[in-house]
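Summary of structural features
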Amino acid sequence: MLSRNEYSQLKTVIVGDATGAKIPKHDISLRCVNYADNGTPPEQGLYPQQIIDEANEDIDKFIQFLTKENVNVLRPDVEHNPAYYKFCPRDTVFVHDNNVLYTPMSLRARADEHTAYRKLFDRYESVQQETVNIKREDSLYNTACVGNPNVLALNETEPCFDAANILKDNDDLYYLVSNSGNLRGAEMLQHFVGDTAKVHTIEDVYSYMHLDSTIAFLREGLLLANPSRIKDRTQLPEKLQNWDIVWAPEPVDIGHYPGFNNSSPWLSVNLLSINERLVVLEEHQHNLRIELEKHNIDCAMLPMRQARTLGGCFHCITVDVERENV
Ligand code: DAV
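Along each chain, the written sequence defines residue order, and numbers are assigned to residues from 1. Where totals are concerned, whole chains, interfaces and linings use all residues; where local detail is concerned, this predicted model gives features only for residues with pLDDT of at least 70, and gives and counts side-chain atom pairs only at 80 or more. To obtain the side-chain values, all non-hydrogen atoms of the structure were included, while hydrogens and water were left out.

A word on the environment of Y102
Within the secondary structure layout, Y102 lies in strand β6 (residues 99-102). Exposure categories follow from relative accessible area, calculated using a 1.4 Å probe and restricted to protein chains: below 20% of the type maximum is buried, above 50% is exposed, and the middle band is partly exposed. Assessed through its relative accessible area of 0%, Y102 is described here as buried. Separated by 22 residues in sequence, Y102 and H80 have C-alpha atoms that sit 16 Å apart. Residue contacts follow a heavy-atom distance rule, with two residues in contact if any of their heavy atoms lie within 4.5 Å. Residues in contact with Y102, not counting those within four places in the same chain, are T92, V93, H114, Y117, R118, F121, Q129, E130, T131 and V132. A distance of 2.5 Å separates a polar atom in the side chain of Y102 from a polar atom in the side chain of Q129. A helix here means a DSSP run of H or I that spans at least four residues, while a strand means a run of E at least two residues long, and both kinds are numbered starting from the N terminus. Side-chain atoms alone can form a polar contact between residues adjacent in sequence; in general such a contact is a pair of N or O atoms within 3.5 Å, and within protein one must be able to donate a hydrogen while the other accepts it.

Structure, rendered in structure tokens:
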């Protein structure tokens, strides 16, 4: 059985690759989903080589760490030349129980990204892989979202969501409704997982990309929350309201490459849990480390210099494929 939560002992993980990362062709999906709050997209084309090289150097260090922790590391297909990137497998690949879902991505340029990962699951005989193809017509996107966080980018013309809009806690899945996931997406996810899990939506918390710079699950009953988005525990689905909460301290802003910015400084929350007593944090986040240590969680402090530039820290750039399930 594949991973069912975010925190039990990690056994096998996919780690992304910055090679070939690019700004795709400009279209309505890129404008509404990635740049609703963020000026205009940079020109189409490969990211500057320095970004790609530094990201891959830091990925190599991360892989050395994972190997030392006896975690088996899988990599995206080297032959795959991405239309966007293969740096954040988390965005595309949803793993739960015996199921792998390649989600109906919000960006047109990411529609075929799943082909970089499919072969990695051939080794698991009983695992079912499903791809959702959608049309992504212009009517899916609402350009009124640009500059207005109260209007979401996705209409409800068809189900649409990135896998990183979801966090999993065994029999419960938490789904952020935002610019990268609509309500019909949550319904589709529920249909897909059937009676293996219940999908709970999180709404009116964060309009932009993904759930994993807003909440991280540390163990059953303990979560890390971003206080700039979750102001009060009543904004959480009922099942999470009685969990203990570590409120993330103000992040250390590691900045981004000039002209290329794909995320907020709150990628500090975007940690990868190795197990209930050890997580991987971006190396400058010492105040967060101190808070986590109070809960007996050790932190491996590792570099990810281009995290903000490319829009992903250690949670985004991975997919936990196998954990010791509880
Ligand atoms: O906080 O800007 C980053 C994307 C996480 N997958 C943020 C979201």
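And the narrative resumes.
With respect to unusual backbone geometry
At N70, a position not held by glycine, the phi torsion is positive, near 65°. When you line up the elements, N70 lands in the loop between α2 (49-68) and β4 (72-74).

Section: α2
Over its 20 residues, α2 extends 29 Å from the first C-alpha to the last, a length consistent with the 28 Å expected when each residue adds 1.5 Å. The set of residues buried in α2 consists of I51, I52, E54, A55, N56, D58, I59, F62, I63, F65 and L66. Looking one or two residues past α2, N70 carries a phi angle of roughly 65°, positive in sign. To estimate how far a helix should extend, the number of its residues minus one is multiplied by 1.5 Å.

Thoughts on the sheet that holds strand β13 (residues 244-247)
Being paired, for any two strands, means DSSP has found at least two bridges between them. Across the sheet, which stays open at both edges, the three strands sit in the order β11-β12-β13 with mixed pairing between neighbours. A strand with exactly one partner marks an edge of an open sheet, and here the two such strands are β11 (215-219) and β13. Strand after strand, the sheet turns through a mean of 25° between neighbouring axes, direction not considered. Direction of pairing for β11 relative to strand β12 (residues 222-225): antiparallel, over a ladder of four bridges. Counted as the bridge partner of F217 is L223 from β12. Only the stretch in contact is used when a helix axis is fitted, and all axes are lines through C-alpha atoms; the angle between N-to-C directions ranges over 0 to 180 degrees.

Quick word on the packing of aromatic side chains
By convention, a stacked pair of Phe, Tyr or Trp rings (six-membered ring in the case of Trp) has centres within 6.5 Å and planes under 30 degrees apart, an edge-to-face pair has planes over 60 apart, and any other such pair is tilted. Here the structure, examined in full by the defined rule, presents 10 aromatic pairs. Here the aromatic rings of Y85 and F87 are separated by 5.8 Å at their centres, their planes lie at 65°, and the arrangement is edge-to-face. By the burial criterion, Y85 is buried, and F87 matches it. Of the aromatic side chains, those joined through ring pairs into one cluster are Y47, Y257 and F260. To sit over a ring, a charge needs its Lys NZ or Arg CZ within 6 Å of the ring centre and within 35 degrees of the ring normal. Stacked on the ring of Y206, the Lys or Arg R229 has its end atom at 3.5 Å from the ring centre.

Quick notes on the environment of H96
In this fold, H96 is placed in strand β5 (residues 93-96). In this structure the C-alpha to C-alpha distance between H96 and V127, which are 31 residues apart in sequence, comes to 9.8 Å. If we skip the residues at most four places from it in the chain, H96 touches S3, R4, K168, N170, L173, T196 and A197. One polar contact links the side chain of H96 to the main-chain carbonyl oxygen of N170, over a distance of 2.8 Å.

Observations regarding the nonpolar core
For this analysis, a nonpolar core means a set of buried residues of the types Ala, Val, Leu, Ile, Met, Phe, Trp, Tyr and Cys, connected via side-chain atoms within 4.5 Å. In this structure, L66, F87 and L189 are the most contacted members of the largest nonpolar core, which totals 82 residues. Sequence-distant contacts of F87, that is, excluding residues within four places in its chain, are made with G16, D17, A18, A55, I59, M304, L310, G312, C316 and I317.

Things to note about the pattern of salt bridges
The term salt bridge refers to a pairing of a side-chain nitrogen on Lys or Arg with a carboxyl oxygen on Asp or Glu at a separation within 4 Å. Tallied over the full model, the rule gives 15 salt bridges. Between R110 and E113 there is a salt bridge whose closest N-O contact spans 2.7 Å. R110 sits in the buried class, given a relative accessible area of 1%. With a relative accessible area of 3%, E113 lands in the buried category. The salt bridge partner of R308 is D253, with a shortest N-O separation of 2.7 Å. Note that R308 is positioned in helix α5 (residues 307-310) and D253 in the loop between β13 and β14 (272-275), a separation of 55 residues in sequence. Salt bridges sharing partners connect three or more residues here, namely R90, K168, D320 and R323.

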